[in-house]
Every structure is written in C-alpha cells, then in structure tokens.
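In case you want the letters, here they are:
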Amino acid sequence: MSTNVRWRFKRALALVGALLLADPALATDYSVDFGAEIGARKDAGTLDCQFAKSCRGELESLGLWITFLVFRSEPERLIVHLYGSRDITCCYFAYAADKVVVDPRRRIAPVPFFKGGGARGGLYIENKRVGTLYIRFSSHLDPH
C-alpha cells in the first residue's frame, strides 16, 4: 500500500471510530418544556428531542404521557399527543381530536385538554374539559 492510500485509510478509520463513539444523547435538535394543570394539581418536564423522531415524556403525578414530533421540513408544526396513563378516557383536544398541532414559534402555547370519547366519522363529540397543557419549544438550531 502506498503512503497516500494508508493515510486515507487511517483517516477514514478514525472518522468511523469517532462516529461510533459519539454519544447519541448529544444529538438533539430541539427542547420542549411542558407542563399541565388539572385543577390545583400541576406537573412539568423537559425533553430534548430530534427532528422526525417521536419524543415521549411523562407527567407522572398527573398520570399523563405526552409525545412531540417535529419535522425539519415543517418546523412551524409541533405535533402533540397526550395520553392518560391511568384513565383511558383522557385525553383529547378540541373537537375530540387525538392530537393537536401547535406553532412552536409562539413563546408558550396553552392548550386545553378533555376527557371523554374520540371523534368518530363526522360526529362532533363534546367532552369534559380536564385541564390545560403548556408547551414551550426551543430549537438548538436557532441562532437566537
């Protein structure tokens, strides 16, 4: 092998090694601070997430699971699902939707959530308001 070929091989091997040893937890594209209140009870959390991958968190004291999803091609759409871990009738958003799309460019987005039944076909289902979800998004790619 010539010196030039060996040098290229060693360089490629070093690059592959660095990629394999890289900590995937450091590869975050955005963070979401979230909280919810149900009556006088409150809980909050923070998640570091990657674009195009579902990011899941828990509000344990309220019995809620939450997922977020943002695509790099649509950074103005933060897709949110909220689930009741103890109550299968929770949680729906306005018009009995099982998800809500929030504009992450808003500083803090308050979103009411409900319990009851999900939307079926063209039927409008009126559910009981349970609480409010608060969401704050910050992109690690943002120059601000």
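The shown structure was predicted, so the numbers you read here are calculated from the model rather than taken from an experiment.

Enquirer: How do you make sense of the state of the cysteines when you look at a structure like this?
Expert: Between two cysteines, a covalent bond joining their sulfur atoms is known as a disulfide. If you walk through the whole model with that rule in mind, you get two disulfides. In this model cysteine 49 forms its disulfide with cysteine 55; the gap between the sulfur atoms is 2.0 Å. Disulfide cysteine 49-cysteine 55: the torsion about the S-S bond is -75°, which places it as left-handed. With a relative accessible area of 2%, cysteine 49 lands in the buried category. One disulfide in the model links cysteine 90 with cysteine 91; its S-S distance is 1.8 Å. Note on the cysteine 90 and cysteine 91 pair: the S-S dihedral is about 75°, so by sign convention the disulfide is right-handed.

Enquirer: I'm lost on the pairing of strand E9 (residues 128–139) in this one. Help?
Expert: Note on strand geometry: in a regular strand, side chains alternate between the two faces of the sheet. Of the pairings in the sheet, the one linking strand E1 (residues 30–38) to E9 comprises eight bridges and is antiparallel in character. Each bridged residue has a counterpart across the sheet, and for valine 32 the counterpart in E9 is phenylalanine 137. The pairing of strand E8 (residues 109–115) with E9 spans seven bridges and is antiparallel. Following the sheet pairing, phenylalanine 114 is matched in E9 by arginine 129.

Calculation criteria
Residues numbered from 1 in each chain as written. Predicted model: local features only at pLDDT ≥ 70, side-chain atom pairs only at ≥ 80, totals over all residues. Heavy atoms only, no water. Disulfide = S-S within 2.5 Å. Buried < 20%, exposed > 50% of the residue type's maximum accessible area, 1.4 Å probe, protein only. Pairing = 2+ DSSP bridges. Helix = DSSP H or I, 4+ residues; strand = E, 2+ residues; numbered from the N terminus.

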